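A structural walkthrough
For reference, the chains in residue letters:
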Amino acid sequence: MTVTKVHTNQKQRKVLSIPLLSLPLRPSTLTALLRCGFATTGDMMISVQKAEMGLSEQQHHNDDENNNGTNTMSNENCSSSGIGHLAEELGCSTSQSADYVHEINDALNSIGLPPTVEKNNTTVLRSTCNIPATAASLLRSKINSQLQSNSNSSSTARQIVSFSQPLDMLLGGGFALSELTEIAGLPGAGKSQLAMQLCVDARLPGQYGGVEGCAVVIDAEGSWSDAGGVDRLWSMASALVDHVKSSALRKIEANKAKEIANGGDNTKTTTISEQLVPTWFTPESILDGIHIFRVHDLASQTCTLYNLPQFLHEQDEKGKPVKILVIDSLAFHYRVASSINSGNKGNFLSTTTSLTRMAAFLQELASEFDLAVVAVNHLTNKIDKNSTGAGGMKLVRTTSPSLGESWAHSVTSRLMVDFYHRQPNYGNSPGDNVMGEVRTCSLVKSPHKPNGTALFMITDKGIRGLPPQFMQQTEEPKRARLN
């Protein structure tokens, strides 16, 4: 933190220059300010005070000439000019500029520092900001933002596929962009495997229904950074490339057969990569687009997440936008920190507040950068009192996702991953070994999709749907129970 001085004719002010990236600001605010060269709070105050100084000198000169009592409006005009000058440099309206200043002031106040601009200077300007928007205007804004995003990318897809058709159908086509999705489940159920498959599939070219973007992973447990995690990503990437090339080869053969049927010339030979598969689409390039940040404690995790907007902005400028952010797992370091300070009630309230702010930040991050945020979560035991009907009470142990109800209300969609449990009387079929790798994925919360359950398999190639013969095996117990 540095201190600079700005001189005016009225007084000399000290400006605290604090990096904006160190403050808990929204990603959209950080992006707008950093793009225009505002890196510290001192940069913003200097911009405001320069305009105030110019207007103050002009009004002082007019007062000396006219002496007509306009001093009562001097402070308001100065403040309006300062915010207006800042709005010109940011390329936005004065009300939006005042919103930025107000948000920075709130962030500074939360850490016990003075505001960049006095609150009374922005009160009048902010009073006109709270204007309601109609549903139609919000829909038009969403469509326009999507069209602008699609114009900057070769892909028009709005979901990241999982390579399991039943799961993608359950989610309406895949994991949606601009949303916060939670994946919760027991240890070993396949949460990280599913997240790895999504990161690999985010690199899928646009002509094959992919979003053609990069992935960012916040690795809290170390399962991505070790040799086993990297090997798993490589096998998934290799399988994806082979799948795309096979699909391209089938298209080429179909086109050749059609030309022969129509009596056309089939003497031309075209390689797969030249016609349908981009030259960059290799397992190495897929892994190059997956950026893994290893975090070892809660402070490191929080700092990394709040500094992500700068990295995402840099990726956009390089033409390699990030389309998915995976946090595996968000709960790990929170639970460690809570266990250390389990006897401190104030720490519990602080954790709840921190989680609520983090959820709002992730929602804003997903919306601002048009990416899918996937948060992996653990399950925790919960003890409830259950009435037995005869005046007695019985304690019932249930499992539910950790982080509490405040976090549960903040996520857009919640998925529960579990092991597939077959009936013991139907366990003598040849596919029993394969069925042991089958998982269930239940959509238990979504604002725009009905709840449901889908089955998927964990194979050596990654996440896949169930083959038809195994789908028949899953229907046998149902038919038997009905009969």
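Here is a short report on the structure shown in this document.

Criteria and cut-off values
- Residues numbered from 1 in each chain as written.
- Predicted model: local features only at pLDDT ≥ 70, side-chain atom pairs only at ≥ 80, totals over all residues.
- Heavy atoms only, no water.
- Phe/Tyr/Trp six-rings, centres within 6.5 Å; stacked < 30°, edge-to-face > 60°.
- Buried < 20%, exposed > 50% of the residue type's maximum accessible area, 1.4 Å probe, protein only.
- Core = buried A, V, L, I, M, F, W, Y, C linked by side-chain atoms within 4.5 Å.
- Helix = DSSP H or I, 4+ residues; strand = E, 2+ residues; numbered from the N terminus.
- Contact = heavy atoms within 4.5 Å.
- Pairing = 2+ DSSP bridges.
- Axes fitted to C-alpha atoms, helices over the stretch in contact; angles between N-to-C directions.
- Parallel < 35°, antiparallel > 145°, perpendicular 65-115°, else oblique.
- Left-handed = near helix turned anticlockwise from the far one by under 90°.
- Nonpolar A, V, L, I, M, F, W, Y, C, P; charged D, E, K, R; others polar.

1. What to know about the packing of aromatic side chains
Within this structure, the stated rule accounts for 3 aromatic pairs. Ring geometry for Trp280 and Phe281: centres 5.6 Å apart, planes at 90°, overall edge-to-face. You can call Trp280 partly exposed: its relative accessible area is 30%. Its relative accessible area of 2% is what places Phe281 among the buried residues.

2. Section: the nonpolar core
Considering soluble globular proteins, one finds that nonpolar side chains tend to be buried as a cluster. Of all hydrophobic cores here, the largest spans 46 residues; its most connected members are Phe175 and Ile324. If you tally residues by element for this core, the top one is helix H9 (residues 227–261), at 7 residues. What Ile324 contacts, discounting residues up to four positions off in sequence, is Ile160, Leu198, Cys199, Ala202, Cys214, Ala215, Val216, Leu371, Ala372 and Val374. Ranked by size, the runner-up nonpolar core spans 31 residues in total, among them Cys214, Phe311, Ile327 and Phe369.

3. What to know about helix H1 (residues 27–35)
Residues Pro27, Ser28, Thr29, Leu30, Thr31 and Leu33 constitute the buried set of H1. Looking one or two residues beyond H1, the residue adopting positive phi is Gly37, at roughly 90°.

4. Some details on unusual backbone geometry
Cis peptide bonds are those with omega within 30 degrees of zero, and the linkage from Asp328 to Ser329 qualifies with -5°. On the secondary structure map, Ser329 appears in the loop between strand E8 (322–328) and helix H14 (330–340). Within the chain, Ser178 stands out as a residue other than glycine whose phi angle is a positive 65°. With respect to the helices, strands and loops of the structure, Ser178 is situated in the loop between strand E4 (175–176) and strand E5 (180–185). According to the relative accessible area criterion, Ser178 is partly exposed, its value standing at 26%. Unusually for a residue other than glycine, Glu212 sits at a positive phi of about 55°. Along the chain, Glu212 turns up in the loop between helix H8 (191–201) and strand E6 (214–219).

5. Some words on the sheet that holds strand E12 (residues 413–419)
Strands sit in the order E7-E6-E8-E9-E5-E12-E13-E14-E15 across an open sheet of 9 strands; the sheet is mixed. Across the chains shown, the open sheet's two edge strands, defined by having one partner strand only, are strand E7 (290–294) and strand E15 (462–464). Here the average twist between neighbouring strands, direction ignored, is 25°. One ladder, built from 6 bridges, connects strand E13 (residues 438–445) with strand E14 (residues 452–459); its direction is antiparallel. Residue pairing for E14: Leu443 is matched across the bridge by Gly452.

6. Things to note about the environment of Ser110
Mapping Ser110 onto the fold places it in helix H4 (residues 94–110). With 87 residues separating them in the primary sequence, Ser110 and Leu23 have C-alpha atoms 9.4 Å apart.

7. Notes on the environment of Met416
Tracing the backbone through its elements, the reader meets Met416 in strand E12. Through-space distance from the C-alpha of Met416 to that of Ser400 is 9.5 Å; in sequence the pair is 16 residues apart. Beyond its immediate stretch of four places on either side in the chain, Met416 contacts Ala184, Leu379, Pro401, Thr440, Cys441, Ser442 and Val444.

8. Thoughts on the packing of H1 against H4
Two elements in contact, H1 and H4, have axes separated by 11 Å at closest approach and are oriented at 115°. The orientation of H1 with respect to H4, classified from their angle, is roughly perpendicular. Remark: the crossing between H1 and H4 carries left-handed chirality. Between H1 and H4, the residues in contact are Thr29, Ala32 and Leu33 and Tyr100, Glu103 and Ile104, respectively. Considered class by class, the residues forming the contact of H1 with H4 number 4 nonpolar, 1 polar and 1 charged.

9. Details of the side chain of Thr304
As for its position among the elements, Thr304 is in helix H12 (residues 298–306). Other than its neighbours up to four places away in sequence, Thr304 contacts Ile218, Phe293 and Val295.

10. Considerations on the pairing of E13
Here E13 lies mainly inside the structure; 6 of its 8 residues are buried. With 6 bridges connecting them, E12 and E13 associate as antiparallel partners. Its bridge partner being in E13, Val417 is matched across the sheet by Cys441. Between the antiparallel neighbours E13 and E14 lie 6 residues.

11. Remarks on the pairing of E8
For E8, the tally of buried residues reaches 7 of 7 residues, placing the bulk of the element in the interior. Sheet topology places E6 next to E8; 6 bridges connect them, and they run parallel. Bridging across to E8, Asp219 finds its partner in Asp328. Judged from the 4 bridges that link them, E8 and strand E9 (residues 372–377) form a sheet pairing that is parallel. For Ile324, the partnering residue across the bridge sits in E9 and is Ala372.

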